[in-house]
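Residues per chain are reported as follows:
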Amino acid sequence: MVESSASEVGSPPAGIRSSGIAVQFVGGGRMGEAIIAGLIRSGELRAEEIAVVEALPARREQLRVTYPQLVLGDVPTAAPTVIAVKPDDVAAAVSKAVAAGVDTVLSVAAGVPLGRLEVAAGPGVAVVRAMPNTPALVGAGVAALAPGSEADETVLVWAEGILGAVGDVVRVSEAQLDAVTGISGSGPAYVFLVAEALIDAAVAEGLPRPVAERLVVGTVRGAGMMLAESGQSAGELRAGVTSPGGTTAAGLRALEDRAVRGAFAAAVAAATERSRLLGAG
C-alpha cells in the first residue's frame, strides 16, 4: 500500500514513475531520514519526489508529520532505490524492490557485500554499495561507495548525488570499504571519545563541566574546520600550533609517551577486521 498526503499515486510500477518520484527509500530509519532531509534541504529534490517504504506504521506516521509531502507506504514500487534497512533485512528488501520493477539499487546497509546484494537483485540490476557515517545526520557526513558489476558511470553519478546531499563522497573499490568502515564509519566514535576524555581532563583541572564542554566542542569544531578549509595537512596544522618548549609541545609529548598514535592505529585495524568478519557472514 502506498500513501501520500499530497496526492494518490497509481499502482506500481508505472504509477510511481508517472507521479514524479525520483528516488525511493526502503527503510525510513535514522540514516534513511538523514539522506532524505539532506536531499530536501539542499534543494536537490522536493519531498513529493521522494517515496519511503517503511514497514512500521508508527514510523510512517512520524515521517508524515515531519515531511508532510513525502510519498509513504509499505510496499516498494519501481523507482531508483536506496536500501536503508538493518543488514539482516537487506536481501529480502532488495528482492522485493527488484520484483516491483526496480533496476537501480544503492545500499547503505553496513557490512553487506556486493556479492550478497547482487545475488538478491539478480541479473540486469545495477547495484552500488556505500558506507556513510553518522554525521550525515547533521549534513556533515562522509561516504565511500563501490560499484557492482552492472553499475556504470551514470549510476555512480546518481549515487554520488544522493549521498552528496549529506556530505562528501569518495569512490573506492569494495576491498577498501572495510578500511573505510574502520576509519570514517567508526571514526566519529573515536572523535567523541577524545572529546569526552578532554572534557573529563578539563574538569579534573578545575573547570566547571559546562565550561569544559563548551571549550572542547568549540575546539573540535574549529580544528575540523581548519582541516577542511585551510589547505594544510594535519601535520602542518599541528606543527603550526606547537611552539618549541611551549604548552602544546608538553601536551603532545605526554600523548606520544603514551603511544596515542599506536592506539588509534590499533583501533582502526580492529574495526576494519571486524568489518571483514561481518561482511563474510
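Refer to the structure above for everything that follows.
Thresholds applied
Residues numbered from 1 in each chain as written. Predicted model: local features only at pLDDT ≥ 70, side-chain atom pairs only at ≥ 80, totals over all residues. Heavy atoms only, no water. Patch = residues over 30% accessible without salt bridge, like charges linked within 9 Å, V, L, I, M, F, W, Y side chains within 5 Å. Areas by Shrake-Rupley, 256 points an atom, 1.4 Å probe, with all protein chains shown as cover. Salt bridge = Lys/Arg side-chain N within 4 Å of Asp/Glu carboxyl O. Helix = DSSP H or I, 4+ residues; strand = E, 2+ residues; numbered from the N terminus. Contact = heavy atoms within 4.5 Å. 1 Å grid on protein atoms, 1.4 Å probe; cavity = no way out; pocket = protein on both sides within 12 Å on 5 of 7 lines; lining within 4 Å. Points joined across faces, edges and corners; volume = space filled by probe spheres on them. Nonpolar A, V, L, I, M, F, W, Y, C, P; charged D, E, K, R; others polar.

1. Some details on a nonpolar patch on the surface
Here's step 1: Together, V191, F192 and V220 give the surface a local cluster of nonpolar side chains, amounting to about 260 Å² of exposed area.
Here's step 2: On the secondary structure map, V191 appears in helix α8 (residues 187-204).

2. Focus: the side chain of E49
Here's step 1: Residue position: E49 is located in the loop between α2 (30-42) and β3 (50-53).
Here's step 2: Beyond its immediate stretch of four places on either side in the chain, E49 contacts G20, I21, A22 and V23.

3. Some points on the pattern of salt bridges
Here's step 1: Under the definition given, this model contains 10 salt bridges.
Here's step 2: Among the salt bridges present, the one from R209 reaches D200, with a minimum N-O distance of 3.2 Å.
Here's step 3: Residues joined in a network through salt bridges with shared partners are R46, E48 and E49.

4. Notes on the layout of surface pockets
Here's step 1: Its volume calculated, the second largest pocket comes out at about 840 Å³.
Here's step 2: Every element with two or more residues in the lining of the second largest pocket is listed here: α2 and α4 (90-99).
Here's step 3: Here the residues of the lining of the second largest pocket are counted per class, giving 19 nonpolar, seven polar and seven charged.

5. Thoughts on empty space enclosed by the protein
Here's step 1: Applying the stated rule across the entire model yields two cavities of 30 Å³ or more.
Here's step 2: If you trace the second largest cavity, you find it lined by P132, N133, A136, G141, V142, A143, L163, V166, G167 and D168.
Here's step 3: Of all the elements in the fold, those that place two or more residues in the lining of the second largest cavity are β8 (141-147) and β9 (167-171).
Here's step 4: In terms of residue class, the lining of the second largest cavity is built from six nonpolar, three polar and one charged.

In short, geometric facts, not functional conclusions.
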